Amino acid sequence: MDSTAQDMPYDVFSRQCPSRGTLEHVTGRWGALTLGALHDGTFRFNELRRRVDGVSEKMLSQTLHALERDGLVQRDAQPTNPPRVDYQLTPLGREITDRLMGLIHFVEGRMDGVLEARERYDSGAAGGR
């Protein structure tokens, strides 16, 4: 183990570590997609919901609350009529999402190989097992 890892006070592999919940918020389906969408800029709730195709209003609301609580997303409610609420990444959210986008782009770029592997697996006897 390198000295940097030894000096870190958090261990995501420990059941009680609070970093585990944040990792789940960032890497879960709706969290990753919401952060990825916000990487492109500031969005209102319904704009974000259209951008993250398939997410329900309830799930997007829960996801945004979790990401806001973790300090990754900023909610800006403006006292207009009707009220206007914008969501954007915080500096910490931007830093995390920049790394997440690298993974997203890597996965997208390797999908041909993934689809071929799935086809091989699915065509094998008993699912290749």
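Structure first, text after, so check above.
Residues numbered from 1 in each chain as written. Predicted model: local features only at pLDDT ≥ 70, side-chain atom pairs only at ≥ 80, totals over all residues. Heavy atoms only, no water.

Caption draft 1: Representation of the packing of helix H2 (residues 19-27) against helix H3 (residues 29-38) within the structure. Where H2 meets H3, the axes come as close as 4 Å, and the angle between the chain directions of the two elements is 65 degrees. Residues His-25, Val-26 and Thr-27 of H2 pack against Arg-29, Gly-31, Ala-32 and Leu-35 of H3. Here the contact of H2 with H3 is built from residues that sort into three nonpolar, three polar and one charged. (Axes fitted to C-alpha atoms, helices over the stretch in contact; angles between N-to-C directions. Helix = DSSP H or I, 4+ residues; strand = E, 2+ residues; numbered from the N terminus. Contact = heavy atoms within 4.5 Å. Nonpolar A, V, L, I, M, F, W, Y, C, P; charged D, E, K, R; others polar.)

Caption draft 2: View of the pattern of salt bridges. Tallied over the full model, the rule gives three salt bridges. Between Glu-57 and Arg-49 there is a salt bridge, with its nearest N and O atoms 3.8 Å apart. When its relative accessible area of 47% is taken as the criterion, Glu-57 is described as partly exposed. Where Arg-84 meets Asp-86, a salt bridge forms, and the shortest distance between an N and an O atom there is 3.1 Å. (Salt bridge = Lys/Arg side-chain N within 4 Å of Asp/Glu carboxyl O. Buried < 20%, exposed > 50% of the residue type's maximum accessible area, 1.4 Å probe, protein only.)

Caption draft 3: Highlighting a negative patch on the surface. Residues Asp-112, Glu-116, Glu-119 and Asp-122 make up a contiguous surface patch of negative charge. Along the chain, Glu-116 turns up in helix H7 (residues 111-123). (Patch = residues over 30% accessible without salt bridge, like charges linked within 9 Å, V, L, I, M, F, W, Y side chains within 5 Å. Areas by Shrake-Rupley, 256 points an atom, 1.4 Å probe, with all protein chains shown as cover. Lys, Arg positive; Asp, Glu negative; His and termini not counted. Charge placed at Lys NZ, Arg CZ, Asp CG, Glu CD.)

Caption draft 4: Region of interest: the environment of Asn-46. By secondary structure assignment, the location of Asn-46 is in helix H4 (residues 45-51). Spatially, the C-alpha atoms of Asn-46 and Glu-119 are 36 Å apart, while their sequence positions differ by 73 residues.

Caption draft 5: Expanded view of the sheet that holds strand E2 (residues 73-78). A sheet is described by the order of its strands in space; here three strands give the open sequence E1-E3-E2, paired in antiparallel fashion. Each edge of the open sheet carries a strand with a single partner, namely strand E1 (43-44) and E2. In the sheet, E2 pairs with strand E3 (residues 84-89) via six bridges, with the strands oriented antiparallel. Of the residues in E3, the one forming a bridge with Arg-75 is Tyr-87. Taken strand by strand, H3 contacts E1, E2 and E3, and its axis lies near 95 degrees from that of E3. (Pairing = 2+ DSSP bridges.)

Caption draft 6: Fine view of the pairing of E3. In terms of strand pairing, E1 meets E3 through two bridges, oriented antiparallel. Considered in E3, the bridge of Phe-43 is made with Tyr-87.

Caption draft 7: Highlighting H3. Of all 10 residues in H3, eight are buried; the element is thus mostly enclosed. Listed as buried for H3 are Trp-30, Gly-31, Ala-32, Thr-34, Leu-35, Gly-36, Ala-37 and Leu-38.

Caption draft 8: Spatial organisation of the side chain of Thr-34. Residue position: Thr-34 is located in helix H3. If we skip the residues at most four places from it in the chain, Thr-34 touches Leu-48, Val-52, Leu-60, Thr-63, Leu-64 and Leu-67.

Caption draft 9: How the structure looks around the side chain of Thr-63. With respect to the secondary-structure elements, Thr-63 resides in helix H5 (residues 57-69). For Thr-63, a relative accessible area of 9% corresponds to the buried category. Once residues lying within four places of it in the same chain are set aside, the contact partners of Thr-63 are Trp-30, Gly-31 and Thr-34.

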